[in-house]
Amino acid sequence: MSSISNATKTVVQKIPLCKTRASPRDKEAWVPRLKEELSALIKYVEFNKQNDNDWFRIEPVDMGRSWKGKCWYVHELVKYEFDVHFDLPVSYPTTPFEIVLPELDGKTVKMYRGGKICLSAHFKPLWAKNVPHFGIAHALAMGLAPWLAAEVPHLIDAGHLKKGETNKKQ
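Residues numbered from 1 in each chain as written. Predicted model: local features only at pLDDT ≥ 70, side-chain atom pairs only at ≥ 80, totals over all residues. Heavy atoms only, no water.

Visitor: Describe in detail the side chain of Asn48, supporting the description with residues and values.
Guide: Looking at the element boundaries, Asn48 is found in helix α2 (residues 30-50). Excluding its chain neighbours within four sequence positions, the residues that come into contact with Asn48 are Asn53, Asp54, Trp55 and Phe56. (Helix = DSSP H or I, 4+ residues; strand = E, 2+ residues; numbered from the N terminus. Contact = heavy atoms within 4.5 Å.)

Right, dumping it as structure tokens:
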């Protein structure tokens, strides 16, 4: 985890690892993996709340094939909230999923078309080394959280996000 901060490493070490190599397309084999994913997410949320770092809510859709929710980042005592969603690819967990923040589409170069955040340089190689152990909670902790911490202040400084704005695309 060389490109990951020590603070993030500490958090990730608290998240239970997944054991089952299955995707939602694997029918019965997916049920144990989904339980592992939910258990890891619960532990991650509990850890965040204990450390006054509650920053997202997500829920599974269609037996965990898709996920949707909200994430937020507080900058200079102002909360910036965004819709977040992702679909698990057919090759999950071998291939990580793409996290989408649709309201920020086109506002930063660290994003692909459609509002998909850029995780390729640092996170995807780390994910590949940890298949099938990393799951949704790990992607949020090592992907989305650092991305928000780096990009939201930059978007505010660049004038793409304004205090009091609803953060919806105009």
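Visitor: Summarise the pattern of salt bridges; cite the residues concerned and give the values.
Guide: Across all of its chains, the model carries seven salt bridges by this definition. A salt bridge links Asp83 to Lys70, with the shortest nitrogen-to-oxygen separation between them at 2.4 Å. In this pair, Asp83 sits in strand β3 (residues 78-87) while Lys70 sits in strand β2 (residues 66-75), placing the two residues 13 residues apart along the sequence. Asp83 gets classed as partly exposed once you look at its relative accessible area, which sits at 23%. (Salt bridge = Lys/Arg side-chain N within 4 Å of Asp/Glu carboxyl O. Buried < 20%, exposed > 50% of the residue type's maximum accessible area, 1.4 Å probe, protein only.)

Visitor: Before we move on, could you go through helix α4 (residues 136-157) and cite the residues and values that matter?
Guide: Every α-helix carries 3.6 residues per turn, so stepping three or four residues along brings you back to the same face. Given a rise of 1.5 Å per residue, 22 residues ought to cover 32 Å, and the 30 Å separating the end C-alpha atoms of α4 matches this to within 8%. Along α4, the sharpest kink reaches roughly 30 degrees, centred on Leu148. Most of α4 is tucked away, with 16 of its 22 residues classed as buried. Where α4 ends, the next residue or the one after it, Gly159, has phi of about 85 degrees, a positive value. (Expected span 1.5 Å × (residues − 1). Bend = angle between axes of the 7 residues up to and from the residue.)

Visitor: Any details on the packing of helix α1 (residues 6-14) against α4? Residues and values, ideally.
Guide: A pair of packed helices is characterised by two quantities: the angle between their axes and the separation of those axes. Close contact between α1 and α4 brings their axes to 10 Å; oriented N to C, the two are set at 175 degrees. Between α1 and α4, the interaxial angle falls into the category roughly antiparallel. Only His138, Ala141 and Met142 of α4 make contact with α1, whose side of the interface consists of Thr8, Val11 and Val12. Its residues assigned to classes, the contact of α1 with α4 shows four nonpolar, two polar and no charged. (Axes fitted to C-alpha atoms, helices over the stretch in contact; angles between N-to-C directions. Parallel < 35°, antiparallel > 145°, perpendicular 65-115°, else oblique. Nonpolar A, V, L, I, M, F, W, Y, C, P; charged D, E, K, R; others polar.)

Visitor: Give a detailed account of the sheet that holds β3, specifying residues and quantitative values.
Guide: Pairing is antiparallel across the open sheet formed by three strands, whose spatial order is β1-β2-β3. Every other strand in the sheet has two partners, leaving β1 (56-61) and β3 as the edge strands with one partner each. Direction aside, the axes of adjacent strands within the sheet are offset by 15 degrees on average. Pairing between β2 and β3: 10 bridges, direction antiparallel. Counted as the bridge partner of Cys71 is Phe82 from β3. In the packing of α2 onto the sheet, the strands contacted are β1 and β2, and the crossing angle to β1 comes to about 165 degrees. Sitting on the sheet, α4 touches β1, β2 and β3, and the angle it makes with β2 is about 45 degrees. (Pairing = 2+ DSSP bridges.)

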